[in-house]
Amino acid sequence: MASEQAKVKLHWLNGSRAQGILFLFEQLQIPYELEIYHRNKDKLAPPELTKVHPLGKAPVVTITPESSDADPIVLAETPFIVQYFSEHFPSGESLVPKRWKEGREGQVGGETAEWMRYQYIMYYAEGSFMAQLVLYVFLSALKGDAIPFFIRPISKLIANQIISMFSFPTLKKHFTMLESYLATPPSDGAYLCGPKLTGADIVLAFPLISGLNGAFDNIGQWEKGSFAATFPRLHAYMERLEKEPAWTRSAQKIRDIEGSFSVSA
Ligand SMILES: N[C@@H](CCC(=O)N[C@@H](CS)C(=O)NCC(=O)O)C(=O)O
């Protein structure tokens, strides 16, 4: 693809993973246009998004290739979008760790530890982590205003029970794993796969930054009294991600357009 001339448009929805793709574009300095969508009162995406992609979710990226007879490309799923831009745009190479150990190209076990972790996280982010986090968010909604007040005591009881029996112990395993990854990056460094920011950090940035300001404290009774005290490396990493220059620019971009910026819906 003649990536320099391709026209890239991000379909952005408030309080959504689309912010992670804005982070990607700012990091890679890819020129892009934004199409802004706002969630309905029920927090779902507006129906217009289904005209862009059948699932009607964000993020979606549309690319109009340089050649006028080429069909537009529609990309959905955060890790796939990150992978696509990492492969097609020259600056994207920086987001993928070196794959092979010297002299071990193409062999089983010839991959570097950095690449193995990177590739795992690219699948893990949506396949395992987000699935659990979204379940927790839905269960938490059973305790809120969306539920009629007269049945809320019951729905709250059920939600609390499932969160403490299932979500809390499951998410604890996830946070423990991420904490251990940060204690043992394959090569020394501040990021999940070593000293450089990679696609693995980008796919986890939105959900992890959403957990700042005490949001993960509410999941359950953390051993050391708070999420930050129980998972100090992970919490410090989440704070670092929020301070990444490209993330800061992505937030400012939204502030400039919308007047304010928040990770929550
Ligand atoms: N697995 C998809 C998830 C997409 C998704 O669920 N997006 C949410 C926002 S984070 C959404 O569009 N929600 C609105 C809706 O479901 O109507 C990805 O990785 O991008």
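Predicted model, so just to flag it, every value in this text is computed and none were measured.

Asker: Is there a simple way to explain the packing of helix α1 (residues 18-28) against helix α6 (residues 199-210) in this structure?
Answerer: The relative placement of two packed helices comes down to the angle between their axes together with the axis-to-axis distance. Running from amino to carboxyl end, α1 crosses α6 at an angle of 140 degrees, the nearest separation of the two axes being 8 Å. In this view, α1 runs oblique relative to α6, as classed from their interaxial angle. α6 is crossed by α1, and the crossing has right-handed handedness. Judged by residue contacts, Gln19, Gly20, Phe23 and Leu24 of α1 engage Ile202, Val203, Ala205 and Phe206 from α6. When the residues that make up the contact of α1 with α6 are grouped by side-chain class, the tally is six nonpolar, two polar and no charged.

Asker: Looking at this model, I keep getting lost on the UniProt feature "domain: GST N-terminal" (unreviewed entry) in the chain. Mind explaining?
Answerer: As recorded in UniProt, the feature "domain: GST N-terminal" (unreviewed entry) lies at residues 5-93. In the segment residues 5-93, helix accounts for 29% and strand for 24%; the C-alpha atoms at its two ends are 18 Å apart.

Asker: Sorry if this is basic, but what is going on with unusual backbone geometry here?
Answerer: Generally, phi is negative for residues other than glycine and the peptide bonds are trans, each holding for most cases. Cis geometry marks the peptide bond from Ala58 to Pro59; its omega dihedral reads 5 degrees. Residue placement: Pro59 occurs in the loop between α2 (49-52) and β3 (60-64). With a phi close to 75 degrees, Lys43 is a non-glycine residue in the positive phi region. As for its position among the elements, Lys43 is in the loop between β2 (33-37) and α2.

Asker: I'm lost on the nonpolar core in this one. Help?
Answerer: Buried together is how nonpolar side chains tend to be arranged in soluble globular proteins. Formed by 58 residues in total, the largest nonpolar core has its most connected members in Ile21, Leu24, Ile121, Ala200, Val203 and Ala205. Sort the elements by how many residues they give to this core and α6 lands first, with eight residues. Per-domain counts for this core show at least three residues from each of domain 1 (7-95) and domain 2 (113-244). If near-sequence neighbours (up to four positions away) are discounted, Ile21 is found in contact with Leu10, Pro59, Val61, Thr78 and Ile81.

Asker: Hey, could you run me through helix α9 (residues 245-258) in this one?
Answerer: Each full turn of the α-helix corresponds to 3.6 residues, which orients residues three or four apart in the same direction. With 14 residues, α9 ought to run about 20 Å at 1.5 Å a step, and its terminal C-alpha atoms sit 20 Å apart, in line with that. Within α9 the residues assigned to the buried category are Trp247, Ser250 and Ala251. Across the axial projection of α9, the buried residues extend over an arc of 95 degrees, all falling on one side. Turned more than 90 degrees from where α9 packs its buried face, Pro245, Gln252 and Asp256 sit exposed. For α9, the secondary structure elements touched by its buried residues are α1, α6 and α8 (232-243).

Asker: Sorry, what's going on with the domain arrangement of the chain here?
Answerer: Think of interface size as the accessible area that goes away when the parts come together; that is how it is often given. The assigned domain composition of the chain is domain 1 (7-95) and domain 2 (113-244). Placing the centre of domain 1 and that of domain 2 at their C-alpha centroids yields a distance of 23 Å. The interface is formed by 14 residues belonging to domain 1 together with 11 residues belonging to domain 2. Listed by contribution, the elements that provide at least two residues to the side of domain 1 that touches domain 2 are α1 and α3 (78-88). Each residue belonging to the side of domain 1 that touches domain 2 can be placed in one class, and the counts come to five nonpolar, seven polar and two charged.

Asker: Where do I start with the packing of helix α4 (residues 113-141) against helix α5 (residues 152-183) in this structure?
Answerer: Look at α4 against α5: their axes get within 10 Å of each other, and the N-to-C directions meet at 155 degrees. The angle between the axes of α4 and α5 places the two elements in the roughly antiparallel class. Our pair here, α4 against α5, has a crossing hand that is left-handed. The segment α4 lies against α5, with Arg117, Phe129, Gln132, Leu135, Tyr136, Leu139 and Ser140 engaging Ala159, Ile162, Ile163, Ser167, Thr170, Leu171, His174 and Tyr181. By residue class, the composition of the contact of α4 with α5 is nine nonpolar, five polar and one charged.

Asker: Whenever I open this one, the sheet that holds strand β1 (residues 7-13) confuses me. Can you help?
Answerer: Taken in spatial order, the four strands make up an open sheet running β2-β1-β3-β4, and their pairing is mixed. Strands at the two margins of the open sheet, each flanked by one partner only, are β2 and β4 (73-76). This sheet shows a mean twist of 20 degrees between the axes of neighbouring strands, independent of strand direction.

Asker: Teacher, can you tell me more about the environment of Ala159 here?
Answerer: By secondary structure assignment, the location of Ala159 is in helix α5. Placed 84 residues apart in sequence, Ala159 and Lys243 show a C-alpha to C-alpha distance of 34 Å. Look past the residues within four positions of Ala159 in its chain and what remains in contact with it is Leu139, Ser140, Leu142 and Lys143.

Asker: Would you mind showing me how to read the pairing of β1 here?
Answerer: The two faces of a sheet get side chains in turn, since along a regular strand they alternate between them. With five bridges connecting them, β1 and β3 associate as antiparallel partners. Residue pairing for β3: Leu10 is matched across the bridge by Val61. Relative to β2, β1 runs parallel, the two being bridged by five bridges. Within β2, the position partnered with His11 by the bridge is Glu35.

Thresholds, definitions, all that
Residues numbered from 1 in each chain as written. Predicted model: local features only at pLDDT ≥ 70, side-chain atom pairs only at ≥ 80, totals over all residues. Axes fitted to C-alpha atoms, helices over the stretch in contact; angles between N-to-C directions. Helix = DSSP H or I, 4+ residues; strand = E, 2+ residues; numbered from the N terminus. Parallel < 35°, antiparallel > 145°, perpendicular 65-115°, else oblique. Left-handed = near helix turned anticlockwise from the far one by under 90°. Contact = placed C-beta atoms within 7 Å. Nonpolar A, V, L, I, M, F, W, Y, C, P; charged D, E, K, R; others polar. UniProt positions renumbered as here; feature names shortened; annotations may be inferred. Core = buried A, V, L, I, M, F, W, Y, C linked by C-beta atoms within 7 Å. Buried ≥ 20, exposed ≤ 12 C-beta atoms within 10 Å, placed from the backbone. Domains from an automatic or database assignment. Expected span 1.5 Å × (residues − 1). Arc of directions from axis to C-beta. Pairing = 2+ DSSP bridges.

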